[in-house]
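Residue-level listing of the chains:
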Amino acid sequence: MRQLKKILSLLTLTLFSLFAVFPIYVVLSTSFRGDNAFQSTSLEFWTKTSSISNYFSLFTSTDFLTWMRNSLWVSAAVTLIGVGFAIGAGYSLSRFPIRGKKTGLLILMTTQMFPCTMLLLPFYIVLSHLQLINSFWGLLIIYSATSLPFCIWQLKGFFDTIPKELEEAARLDGCSHFQVLYKVILPVSLPALAITSLFNFMTAWTEYAIAAVVLQDPQLYTLSIGLKTFQSSLATQWGLYAAAAIIVSVPVVILFMSLSKFLVSGLTMGSVKG
Amino acid sequence: MRILLFLSLLLFTQSLMAENQVSIQIWHQMMYSHREVLREVVQKFETEHPEYKINLVYKETEELRSAFQAAALGGSGPDLIYGPSDQVGPFATMGIIRPLDDLFSKEDLDQFDPLSLVRFQDRLYMRGDMVGNHLALLYNKNLVSKPPATTDELISLGKKIAQEKTADGKPKVYGLAWHMMEPFFFVPWVAGFGEAFTNENAEPHLDSSSTRQAFQFMKDLKESGITPKECDYEMANALFKEGKTAMIINGDWSWGDYQKAGVDFGIARIPQVSATGKWPAPLVATKGYSINVHVSPEKLPQVVLLLRYLMSEASQLEFTEKVSSLPSNLNARRSDLVQKNELLQASSDLMSVGQAMPVAPELRAIWDALRPQYQAVMGGTQTAEKAAELAQKNALEQIHVMNEIEKPTSQALIVKFIFGLLGLVLLVLVLRKLPLIWSELMGPYRFAYWIMLPAFLSLIAVVIYPFGYNIALSFSNLSLKTFQDWQIIGFQNYIRIATDPVFYSVLGKTILWTILNLIFHVGLGVFLGVIIDQTLPAKKWFRLLLIIPWAVPQYITALTWRGMFNQEYGAINLVIQKYLHLSPIQWLTRPLEAFGACLLTNIWLGFPFMMIVTLGGLQSIPKELYEAAEVDGATAWQKFRKITWPLLQPVLIPATTLGAIWTFNNLNVVWLVSNGGEPSDQTHILVSYVYKAAFNLYRYSQSAALSMIIFLILVVGSFLFLKKNEPSSGGPT
C-alpha cells in the first residue's frame, strides 16, 4: 500500500515535470534548427538541419553581447538599489511605531493593483522632464520603484518573524540602530534577501514594455528589446530568437534553482495586518 | 555603496561622450533583410560626413506607432520616422510630424514617383523611398509551370497539387497559402467582385455584395482543401520557402528573401475572379520617412541632408540590388538594375491593376472593423452576410468615436472644483503635518524615518505622481485630435464605459479568467506541494524541475506557447494526434479554444509560485499533529482536510490575493498568445482591452478611465476577499 502510494506520487510528479519542461524542450530544439524549420511536423529533438550555427551567429553577427552587458548592469543596479531601499522601509515598518503605518502598508499593496501598462505615458512624460529618456538612470528609477511595494512587503513580513530579543540584546551591548540592522538582522534574513534580490533581478532582466519606451539608442538596449529585434511583423528569425531565448533564460533558471532552498523559507506571505 | 558610486560614474562618463557630433535618430520598422541594407547605406553616409552619427532603432510596426506617439507627446522622439504611408494620416492629425512642402523644391520632387509623395489634406508629409508593398501570386516554378489566370484555374490546379497525402492525411504540398488573419490580404478580393472597399472620401463601403461574395469566396477557398487549415504569415512564408506550398499570396517585400533562400519562383497577378471577370486589386503603397515636428530649426537642415541622401539614386539602388525593391527615384528606375530585373518589371504590371492605399486615419478603423470579421468568417463562426454588415457598422462607429472631439461640459467645472479642493486639503494637511514630520525626523525614532525616506520619495515620484496624472487624463478628452491640447471635460468617459455592454462582457470574461486560473494555480500548487513534501528521496529534483515555468521570462514563454498551439505544426496538436490519436484542435482561430490556450499557458506559468508558497507553509505545520491524527486512525484525506488545508490558509490567502491581482492584470500572456485578442477580439481581458483602446484606437482618456475602473474593482475585490478570510489569517504579525 505504502509502496503503491509512493509509485503513484512519483508518477504524478514525473508527469507534471514533463508538462513543466516540455516548452523548454521545444525552444531548445528550435534553437538548433535551420532558420526556416520552425514549422515542421517532427517532434524530434535533433533533425537533419540542426546545428549550433544559430548560437554561433548570435555571438558573431548580432549585438547580443552588448545587450547582455547592458542587462547585467541594469539588473545588478536595480537589485542593489531596490533591495537597499526596501530593507530600510521594511525594517522601519516592522520594528518602529511609524506614523500612518497601517495606511502606508495598505497604499503599498494597492499600488500593485493598477494596470502598469497605463503608466507608460505618464512615465514617459516624467522621464522626459527629468531628461532621463535614453539613459539607464530612467530605467533604474522606474524598475526599482515599481518593484519596491512587493519587496517592502516581502521583507517586512520576514523581519516580523525575527524575535525582538535578538536586537534588544545587541542594543544592550551598545550597538547603534544601524549596527543592529547590519550585524544582527540582515545576517539572519539571508533567505528573504536572496528571494527579494532574485525578484528584483528577474524584473529588470525580463521587462520589456518600459525599456522599449525609455531606451532608444541600440547601444543601450537590454536583452528583452534586443531579442525583439529578431522578430518583425512579417518575418521572425526563429532560430536566432530561440537560441537567444535559451541563453537569456539560462542565468535566471540557474539563479532560481540555486536559490530554490531559500524560496521555500524566504517567501513570506505576510498578512495584511499592520 | 562603493559599487553604486562606481556605477554612476561609469554611466555619467558614457553620457558625456558624444559632444561635437550631430546625432540623428531614425526609428523604422524595416524587416530583417532591409535593416541590413539601411545600416550599410547609413554607414556610407557617416564615412562621407564624419561629424554625423546616425542611430537606427528598429521597432515593430504597431510599437513604432505607439512609441512615437508617446515620445512626441513628451516633446522628444526620433528625428526621422520610417514606416508605411498609412501612418501619415494619424500622425499628421496629431500634429507630431511636420509638413515637408517648404523643404523640397518642385523640381526636386518631380524626380520622384508621385505615389511616393504622401500627402494628407493637401500637404506633403512623407517621402517614400520605395513603391509597391502590393500583393501578388507567387508560384514555385518546380511545382507550377503556368500560373493560374482565373480563380477556377487556381482551385483546380491547387486540388491537383494537394492530391498527394502524407501518412497523417495532410497534403504533401499545399496548393496555396496566405495570411488568413489580416484584412490587408483580403481587401484585394473585394475589388475582384466589383466594388472598392472605401468610397472616394475614404469612408468605409463594406456592407456591399462584393464584400459578402469575397468573404464567401475566401471561406470556400479555404475549405476546398488546397490550403492549410490555419495559416498566418509566418507559416505561409515558411511553407513556401520549403517548397511545401506551390503558391503563396504575398507582398513584394518578401521577394528578396525568397531569392536568397534559393526558391525558383515566378510572379503573377492574383488570379482573375471567374465569377466576375475582374482582377483583384492589391493595395499599392509606399514606405518612407517623415520628420518629427520637434526637430529644432538648427537641426532641420542636417536632417534634410540625411533625408536627401536616403532618397538619392545610389542609396535607393542599394536597396534594389539587395532586396529587389522598386525605387521611388525616377532616375534610379531608369538604371539597368531596375530595367533588367525581371521581378521589378513584373511588378509594374501587377501595380497596373492595383489601388492606391488610402492614408486617412479612418483607414485604421476600417482595418480594425474588418479584422475580427475576416477572422470569424475564416474560423467558421460568422456568415459572410453578417460579417459584412457588422464590419460596416463597427467601422462607422469607430470613425465616429475617433473623430469626435468632446467639449467640456458643466461637469468639467465640478471635476476641476473637486481636484482643486482635494489639492488644497492635501496641501493644508501636509503643511500642518510639516512640524510633526520634522519632529519625527529629528525625534527618538529618527533612524527609522530616515532609512524609510528613499523608498518613500521614489514611490511618490514614480508611482504616485503618474497615478495622479492618470486620474486627470481619465476626466479629459485626450485622443487623436486633441493630442496637443487636451482638457478636462467631465465624467463622460466613465459614463460611456458604464453604459457599454462590451465592458460588462469583457469584465465577465476577466473574472472567469481570474477564477479559473486561481483554481488551477492553487489546486495544482497545493497538490504538488503536498506530494513533493512526502516524496523524500527525489524531493529536491522535482522541486527544481517544477519551478522552471516560473523562472523562464514570461514573454519567451508566451511566444513559445503560441507557436506550440499552431493547428498543424504546433507541438501540442502533434502530441494529441500522435500519442492520444485524437483529431487536432483549432486552438488559435476559435474564441473558446483561444481562451483555453491562454488559460493553459497561464496555468503553466502560475502553478510553481503556489507550489513554493505551499511548501513554505507546510514547513511550519508541526509534525506532531499528523502523528496524533495517525494514532486516531485518520485517513490521508482527513489529515489533509483537517490539518494541512486549514493550517495552510495563513500563507495561501495573501498569496491568492496577490495571485488574483497579477492574473487579473496579466497583459503579457493574453496579448502575446492570442496576438492582441485574436480571433475577432474575443479573447480580451480588461487590461488587454485597455491597451488596445489606448494604443490602437487613440482613445487615451477613455482607457485612462477604464484603468481607474480596473483599479477600483481590484481594490474593492481584494479587500472584500481579505476581510472575509480575516479570522483565519493569523500570519506572522
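Structure first, text after, so check above.
Residues numbered from 1 in each chain as written. Chains lettered and ligands numbered in written order. Predicted model: local features only at pLDDT ≥ 70, side-chain atom pairs only at ≥ 80, totals over all residues. Heavy atoms only, no water.

Another point: the overall build of chain A. Broken down by element type, chain A carries 13 helices and 0 strands. If you list the helices and strands of chain A from N to C, you get α-α-α-α-α-α-α-α-α-α-α-α-α. As presented, chain A carries roughly 10900 Å² of accessible surface, and 69% of it is formed by carbon and sulfur atoms. (Helix = DSSP H or I, 4+ residues; strand = E, 2+ residues; numbered from the N terminus. Areas by Shrake-Rupley, 256 points an atom, 1.4 Å probe, with all protein chains shown as cover.)

Chain B puts 132 residues into the contact, and the matching count from chain A is 116 residues. Contact between chain B and chain A buries roughly 11100 Å² in total, counting both sides, with carbon and sulfur atoms accounting for 75%. Area buried by chain B at its contact with chain A is led by Y32(B), F447(B) and Y555(B), which between them contribute 6% of it. Our enumeration of links across chain B and chain A arrives at 0 salt bridges. (Contact = heavy atoms within 4.5 Å. Buried area = accessible area lost by both parts, 1.4 Å probe. Salt bridge = Lys/Arg side-chain N within 4 Å of Asp/Glu carboxyl O.)

Before going further, it helps to spend a moment on the nonpolar core. Ranked by internal contacts, the top residues of the largest apolar core, which has 227 residues, are F64(A), Y91(A), I152(A), L546(B) and I612(B). The dominant element in this core, judged by the number of residues it contributes, is helix 26 (residues 591-619) of chain B, at 15 residues. L137(B), I249(B), I267(B) and A395(B) belong to the second-largest nonpolar core, a separate cluster that totals 69 residues. (Core = buried A, V, L, I, M, F, W, Y, C linked by side-chain atoms within 4.5 Å. Buried < 20%, exposed > 50% of the residue type's maximum accessible area, 1.4 Å probe, protein only.)

Our focus in this paragraph is the packing of aromatic side chains. Considering all chains together, one arrives at 47 aromatic pairs over all chains under this definition. Pairing F150(A) with F199(A) gives two aromatic rings, centres 5.4 Å apart and planes at 55 degrees, and the pair type is tilted. One end of the pair, F150(A), is in helix 6 (residues 136-160); the other, F199(A), is in helix 9 (residues 190-206), and 49 residues separate them in sequence. Aromatic pair F240(B) and F265(B): ring centres 6.5 Å apart, planes at 75 degrees, arrangement edge-to-face. Placement of F240(B) in helix 9 (residues 233-241) and of F265(B) in strand 9 (residues 265-268) is noted, with a sequence separation of 25 residues between them. Each member of the pair F240(B) and F265(B) is classed as buried. Across from the ring centre of Y58(B), 3.7 Å away, lies the NZ or CZ of R35(B), which sits over that ring. The cationic tip of R127(B) hangs over the ring face of F104(B); the distance from NZ or CZ to the ring centre is 4.5 Å. (Phe/Tyr/Trp six-rings, centres within 6.5 Å; stacked < 30°, edge-to-face > 60°. Lys NZ or Arg CZ within 6 Å of the ring centre and 35° of its normal.)

Take the packing of helix 21 (residues 501-534) of chain B against helix 22 (residues 539-546) of chain B next. All names here are of chain B. Taken N-terminus to C-terminus, the directions of helix 21 and helix 22 make an angle of 155 degrees; their axes are 8 Å apart at the nearest point. In terms of orientation, helix 21 lies roughly antiparallel with respect to helix 22. The handedness of the crossing between helix 21 and helix 22 is left-handed. Touching L528, I532 and D533 of helix 21 are K539, F542, R543 and L546, all from helix 22. (Axes fitted to C-alpha atoms, helices over the stretch in contact; angles between N-to-C directions. Parallel < 35°, antiparallel > 145°, perpendicular 65-115°, else oblique. Left-handed = near helix turned anticlockwise from the far one by under 90°.)

To continue, consider unusual backbone geometry. All names here are of chain B. Despite not being glycine, D122 shows a phi value in the positive range, around 65 degrees. Topologically, D122 is positioned in the loop between strand 4 (117-120) and strand 5 (123-132). Assessed through its relative accessible area of 74%, D122 is described here as exposed. Within the chain, N133 stands out as a residue other than glycine whose phi angle is a positive 65 degrees.

This next bit is on helix 2 (residues 32-48) of chain B. Here helix 2 of chain B contains 17 residues, and its C-alpha end-to-end distance of 25 Å stays within 8% of the 24 Å for a straight helix at 1.5 Å per residue. Inspection of helix 2 of chain B places Y32(B), S33(B), H34(B), R35(B), V37(B), L38(B), V41(B), V42(B) and F45(B) among the buried residues, and these make up the whole buried set. (Expected span 1.5 Å × (residues − 1).)

A few words on the pattern of salt bridges. Between side chains of opposite charge, a pair can form as their charged atoms come close. Residue and element names in this part refer to chain B. Following the criterion strictly, the structure yields 22 salt bridges over all chains and no others. The salt bridge partner of K219 is E223, with a shortest N-O separation of 3.0 Å. Of the two residues, K219 and E223 both sit in helix 8 (residues 209-223), 4 residues apart, roughly one turn of that helix. When its relative accessible area of 17% is taken as the criterion, K219 is described as buried. When its relative accessible area of 56% is taken as the criterion, E223 is described as exposed. R364 is the partner of D368 in a salt bridge, and the nearest nitrogen-oxygen pair spans 4.0 Å. Remark: R364 and D368 occur in helix 16 (residues 362-379); sequence separation between them is 4 residues, near one turn of the helix.

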